[in-house]
Number of protein chains: 2
Amino acid sequence: MPHTATVTALSDHHARNEGDGMQRILAAALDLFAIHGFDQVSVNAIADKAGVSKANVFHHFKSKNDLYLATLREACRETRESLDVLSGTDGDIGERLTRYMREHLLAMLRNEQETRLVLREVLDNSPGKARALAEDVFKDRFEILVGVIRECQSKGLLRDGIDPAFVAVMLTGANVFYFQSREIMRHFPGIDFATEPERYSEKFMDVLLNGIGVK
Amino acid sequence: MPHTATVTALSDHHARNEGDGMQRILAAALDLFAIHGFDQVSVNAIADKAGVSKANVFHHFKSKNDLYLATLREACRETRESLDVLSGTDGDIGERLTRYMREHLLAMLRNEQETRLVLREVLDNSPGKARALAEDVFKDRFEILVGVIRECQSKGLLRDGIDPAFVAVMLTGANVFYFQSREIMRHFPGIDFATEPERYSEKFMDVLLNGIGVK
DNA sequence: GTCTATATCGGGATAGAC
DNA sequence: GTCTATCCCGATATAGAC
C-alpha cells in the first residue's frame, strides 16, 4: 500500500510510475523480502509488484542475490540515518535515556520494512548473504547506546555495580522484542500497550529506573 | 551432533539406527528445519540425514508440509513439558521469579532446536503453517509467568503501580532476545555474559528488582 | 516399509528482438 | 531499457517393483 499508492501522474517525461524502473524494483523487493524472507520471494513476484518483466529485473541486477544485497544496503543506509538524530540529543538525568528509547522504538516502527529486513539478517543465524552489513548497523546502535549510558553513569545517575554493556543489551532487546511480538501480544489478555509503543516505553523506563521491588 | 551421535549397536531386531524410520526422519527434520528454515531444507536432505530414501519420507508423511507440522507438534510438546517443572517451584520473595528466569533461559538453551523452531514460527509474521500451535506454547508460558508475578505482587513484594502483564513481557523478551542474539554478542566489545547465561540472568534480576537509578 | 525410477512444476537466469 | 520466449535445474510428489 505505501510505495505504489502515491502514483499521481506527475506529467513526467517517460510516464508510468514514480521513479525509474530500478527504484521501483528496489521498493518492491524491500517490501517482499522484509515480509516473507529471501527464498520465499520469487523474482517473478518482485517483477509483478514493480510492474516490470522478470527479464528486466535481471537487466538491472545480475542475480537475485545481487538484488537482495542492494536492497539490504539501502535499508541499512536509511536505518543509519535515523540514528543520527539520536546522538545529538542532550538533556538532564535519565531523561536522555528515556528519549533515546522512545525515539528508537518509534523509528523502528516508522521504518518497519527496513527494520524487519535488517533484523532478519542479524538474528537468523544463517551464515549467508551479508550479515556483516546488517551487523554493522546493529553494532553502531549498540555502541551509541553504551556511550549514552556511560555518560549517565559518569554523572552519577546510575547505581554502582551497573554494567553499561548489559543495560545496553537490555534496552535493545526490549525494543527489538516489542517490534517482533507486538502483533502476537494483541491476542494476549491484559496487555494494554500492544498498539501503543509510547506506553510500552513509559512502563519500561519506570521499571528500569526504579525496579519492581518495594522501596 | 546430538541425536544421531548415540547410535551404539543395540543388538536390536532389524538393526540400523535408533528408533524406527519415522522417528529418525522426525529427528533429522527437527535439526534441519530449526537451523535453516522450512523452505531451505529439501526432502532429499532430510532423507539423507535420516538414512532413508526420499520416497520413504513421503510414505510416512503425505507431504513436506505435513512432516513440518509433525515436527513442530513434537517440538511444542517437549517445550511444554519443560514448562511443568517451573510451575511447581515454591519459595520466598522474588527468589521464585529469579529461579523461573534462570531455568527458563537454561531450558531454551538446552532444547535449542525446538526453541528455534517454535520461535521462528511465532515471530515470523507469516500467516503460514501452524502459528496457532507455536503461539499456544508461547501463551502458556506467558500466562504461567503472569501468575507467578501476580502471586509475588499479592504478597506485597512488588511496588505499587507495576503492571504484571508488562513485567511478564519484559522477562520473556529478555530471555528470547538473549537466545536470539548471544552469537552476535560474542563479537561485541565489553560483553562478559554472551557465553554465560547464568551471569546474564543474575544481572537482569538485579536491574529488574532494584532498578538502575541511585537509591 | 523400503527402494529405483519418473512425472511435473516452478525457480533463476539467458538470448535476442524492439 | 524493456519485452517474449526459452533453457536448465532442483524440488515436490507419484508409480510401481521388491
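Predicted, not measured: the structure shown is a model, and the values here were computed from it.

Conventions used here
- Residues numbered from 1 in each chain as written.
- Chains lettered and ligands numbered in written order.
- Predicted model: local features only at pLDDT ≥ 70, side-chain atom pairs only at ≥ 80, totals over all residues.
- Heavy atoms only, no water.
- Near = heavy atom within 4 Å.
- Polar contact = N/O pair within 3.5 Å; in protein donor to acceptor, adjacent residues only side chain to side chain.
- Helix = DSSP H or I, 4+ residues; strand = E, 2+ residues; numbered from the N terminus.
- Nonpolar A, V, L, I, M, F, W, Y, C, P; charged D, E, K, R; others polar.
- Contact = heavy atoms within 4.5 Å.
- Buried area = accessible area lost by both parts, 1.4 Å probe.
- Salt bridge = Lys/Arg side-chain N within 4 Å of Asp/Glu carboxyl O.
- Least-squares fit on C-alpha atoms with pLDDT ≥ 70 in both.
- Phe/Tyr/Trp six-rings, centres within 6.5 Å; stacked < 30°, edge-to-face > 60°.
- Buried < 20%, exposed > 50% of the residue type's maximum accessible area, 1.4 Å probe, protein only.
- Lys NZ or Arg CZ within 6 Å of the ring centre and 35° of its normal.
- Domains from an automatic or database assignment.
- pLDDT = per-residue confidence, 0-100.

Draft legend 1. Main features of the protein's contact with DNA strand C. Around DNA strand C sit 14 residues, and of these Val 43, Phe 58 and Lys 64 of chain A together with Ser 53 and His 60 of chain B come closest. Atoms of DNA strand C within 4 Å of the protein belong to the sugar or the phosphate in 54% of instances, the rest to bases. Contact distances for DNA strand C include 2.7 Å between a phosphate oxygen and a backbone N or O atom of Ser 53 of chain B. Take Asn 56 of chain B: an N or O atom from its side chain is 3.1 Å from a sugar or linking oxygen of DNA strand C. Looking at the surface near DNA strand C, the elements that each hand over two or more residues are helix 4 (54-60) of chain A together with helix 4 (54-60) of chain B. The leading source of residues in the surface near DNA strand C is helix 4 of chain B, at four residues. For the surface near DNA strand C, the residue count by class is six nonpolar, six polar and two charged.

Draft legend 2. Up close: the interface of chain B and chain A. Facing 56 residues of chain B, the contacting portion of chain A comprises 55 residues. Buried surface at the junction of chain B and chain A, both sides included, amounts to about 4900 Å², of which 66% is carbon and sulfur. Where chain B packs against chain A, one counts five salt bridges. Between Lys 203 of chain B and Asp 163 of chain A there is a salt bridge, and its shortest N-O distance comes to 2.6 Å. Scanning the region where chain B abuts chain A turns up 16 residue pairs in polar contact (both at pLDDT 80 or more). For the side of chain B that touches chain A, the elements supplying multiple residues, two or more each, are helix 7 (112-123), helix 8 (131-154), helix 9 (164-185) and helix 10 (197-210) of chain B. The element best represented in the side of chain B that touches chain A is helix 9 of chain B, accounting for 14 residues. In terms of residue class, the side of chain B that touches chain A is made up of 28 nonpolar, twelve polar and 16 charged.

Draft legend 3. Focus on the protein's contact with DNA strand D. Close to DNA strand D lie 14 residues; Ser 53, Ala 55 and His 60 of chain A together with Lys 54 and Lys 64 of chain B are nearest. Taking Ser 53 of chain A, its main chain carries an N or O atom lying 2.7 Å from a phosphate oxygen of DNA strand D. The contact in question runs from a base nitrogen of DNA strand D to an N or O atom on the side chain of Lys 54 of chain B, over 3.3 Å. Of all the secondary-structure elements, those providing two or more residues to the surface near DNA strand D are helix 4 of chain A together with helix 4 of chain B. Looking at the surface near DNA strand D element by element, the count peaks at four residues for helix 4 of chain A. Among the residues forming the surface near DNA strand D, the class breakdown is six nonpolar, six polar and two charged.

Draft legend 4. The relation of the copies chain B and chain A, seen in detail. Each copy superposes on the other: chain B lies on chain A with an RMSD of 0.2 Å after a rotation of 180° and an axial shift of 0.1 Å. The transformation just described matches what one would write down for a two-fold rotation axis. No C-alpha of chain B approaches the rotation axis more nearly than that of Gly 211 of chain B, which lies at 1.8 Å. In this assembly the copies share their binding face: 98% of the residues contributing to the interface of chain B also contribute to that of chain A.

Draft legend 5. Spotlight on the packing of aromatic side chains. A complete count under the given rule lists 16 aromatic pairs over all chains for this structure. Residues Phe 166 of chain A and Tyr 200 of chain B carry aromatic rings whose centres are separated by 5.6 Å and whose planes lie at 70° to one another, so their mutual orientation is edge-to-face. Of this pair, Phe 166 of chain A sits in helix 9 (residues 164-185) while Tyr 200 of chain B sits in helix 10, each in a different chain. Residue class for Tyr 200 of chain B comes out buried when judged on its relative accessible area of 1%. Ring plane angle 45° and centroid distance 5.1 Å describe the contact between Phe 188 of chain A and Phe 142 of chain B, whose orientation is recorded as tilted. Linking Phe 188 of chain A in the loop between helix 9 and helix 10 (197-210) with Phe 142 of chain B in helix 8, this pair reaches from one chain into another. Across the pair, Phe 142 of chain B and Phe 188 of chain A agree in class, each one buried. A connected cluster of aromatic rings, assembled from ring pairs, spans Phe 166 of chain A together with Tyr 178, Phe 193 and Tyr 200 of chain B. Note that Arg 182 of chain A overlies the ring of Phe 179 of chain A, its terminal NZ or CZ placed 4.7 Å from the centroid.

Draft legend 6. Summary view of the domain arrangement of chain A. All names here are of chain A. Structurally, chain A comprises domain 1 (4-72) and domain 2 (76-210). With 13 residues of domain 1 at the contact, the number on the domain 2 side is eleven residues. Where domain 1 abuts domain 2, roughly 1100 Å² becomes buried across the two surfaces, and 66% of that area is made up of carbon and sulfur atoms. Taken as a group, Ala 34, Tyr 68 and Leu 72 account for 52% of the area that domain 1 buries against domain 2, more than any other trio of residues on that side. Inspection of the domain 1/domain 2 interface yields zero salt bridges. Counting only elements with at least two residues in the side of domain 1 that touches domain 2, the list comes to helix 2 (21-36) and helix 5 (64-87).

Draft legend 7. Just the confidence of the model for chain A, in detail. Taken over all residues, the pLDDT of chain A has a mean of 88, while the share at 70 or more is 88%. Within the model, pLDDT remains below 50 along residues 1-17 of chain A, and this stretch shows twelve contacts once partners closer than five positions in the same chain are excluded.

Draft legend 8. Structural detail: the pattern of salt bridges. Enumeration over the complete set of coordinates arrives at 35 salt bridges over all chains. Here Arg 96 of chain A makes a salt bridge to Glu 151 of chain A, at a shortest N to O gap of 3.0 Å. Of this pair, Arg 96 of chain A sits in helix 6 (residues 95-110) while Glu 151 of chain A sits in helix 8 (residues 131-154), placing them 55 residues apart in sequence. Look at Arg 96 of chain A and you get buried, because its relative accessible area is 10%. Here Arg 182 of chain B ties to Glu 112 of chain B by a salt bridge, and the two come within 3.6 Å at their closest N and O atoms. Taken as a pair, Arg 182 of chain B in helix 9 and Glu 112 of chain B in helix 7 lie far apart in primary sequence, 70 residues in all. Owing to a relative accessible area of 28%, Glu 112 of chain B belongs among the partly exposed residues under this scheme.

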